[in-house]
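# Topology and contacts: notes
Read off the chains here:
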Amino acid sequence: MHINKAEYIKGAVEPSQYPSSGLPEMIFAGRSNVGKSSFINSLTNRKQLARVSSRPGKTQTLNFYNINDAIYLVDVPGYGYAKVNKTLRESFGRMIERYLMERDELILGVLLVDFRHKPTADDIAMYELYKYYEIPTIVIGTKKDKVGRTQFAKQEKLIKATLEFSGDDVFIPYSSETHDGRDEVLGIISDLMEQYHEIVSENAPG
């Protein structure tokens, strides 16, 4: 999959504001400081598609990005940021869960965790939410370039064990600095898009 077009379309907080094009969608979630914006920019090969903020917790809507007029990338508010008040955190949670529960176009859940550390309770909760709604999942271990190669297997084992990783899901260590892991992620997205269109065609009237 080669990305020729990647642009921000809109922010949404409720279903009536979601795009109505019928294109498949993939959701990206992770802690506020996990490097989600850097990952999105690396994946799309755009320097400032997703704004890298010095103030964690800045994203407060579901942000929809059009990729190649073929799929939407949906960036959600980062979780685990202590300075975001409890009421706001709860509203984020309801907004995200409503999207997961109701959005038929959703074909992939991407969960970003820090490859250097054990997943947090919030990471586990987000992964379990994907599993509850039976969403195919990629877990991305960000900041791969900051982990020594001899530690790769140990860190992957720790992350999978902590999340109680499903054998149907995929784990990919990733570096936004070197783009290591990018081709693998794009390949999975491309395969899922193809499957989605096959299903849509089979269910089309006539």
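All of these numbers come straight from a predicted model, not from anything done at the bench. (Residues numbered from 1 in each chain as written. Predicted model: local features only at pLDDT ≥ 70, side-chain atom pairs only at ≥ 80, totals over all residues. Heavy atoms only, no water.)

Each helix and strand in the protein was counted, giving five helices and seven strands. Ordering the α and β elements of the protein from the N terminus gives β-β-α-β-β-α-β-α-β-α-β-α. Classification of the 206 residues of the protein by burial places 46% in the buried group. Once local pairs closer than 6 in sequence are excluded, the contacts in the protein between residues at least 24 apart make up 77%. Put simply, the protein shows about 10,900 Å² of open surface, and 46% of that area lies on carbon and sulfur atoms. (Helix = DSSP H or I, 4+ residues; strand = E, 2+ residues; numbered from the N terminus. Buried < 20%, exposed > 50% of the residue type's maximum accessible area, 1.4 Å probe, protein only. Contact = heavy atoms within 4.5 Å. Areas by Shrake-Rupley, 256 points an atom, 1.4 Å probe, with all protein chains shown as cover.)

This part is about the pairing of strand β4 (residues 71–75). Counting buried positions over the five residues of β4 gives five, a clear majority of the element. Of the two faces of β4, the one carrying I71, L73 and D75 and the one carrying Y72 and V74 are both buried. Two strands pair when backbone bridges link them, and strand β2 (residues 25–30) and β4 are joined in this way by four bridges, in the parallel orientation. Its bridge partner being in β4, I27 is matched across the sheet by V74. Pairing of strand β3 (residues 62–67) with β4 involves five bridges; the strand directions are antiparallel. Opposite N66, over in β4, you have Y72 as the bridge partner. (Pairing = 2+ DSSP bridges.)

This paragraph deals with the environment of K143. Assignment of secondary structure puts K143 in the loop between β6 (137–142) and α4 (152–163). In this structure the C-alpha to C-alpha distance between K143 and D114, which are 29 residues apart in sequence, comes to 6.5 Å. Apart from the residues within four sequence positions on either side, K143 is in contact with N33, V34, G35, D114, R116 and Y174.

Keep in mind these numbers describe shape, not what the thing actually does.
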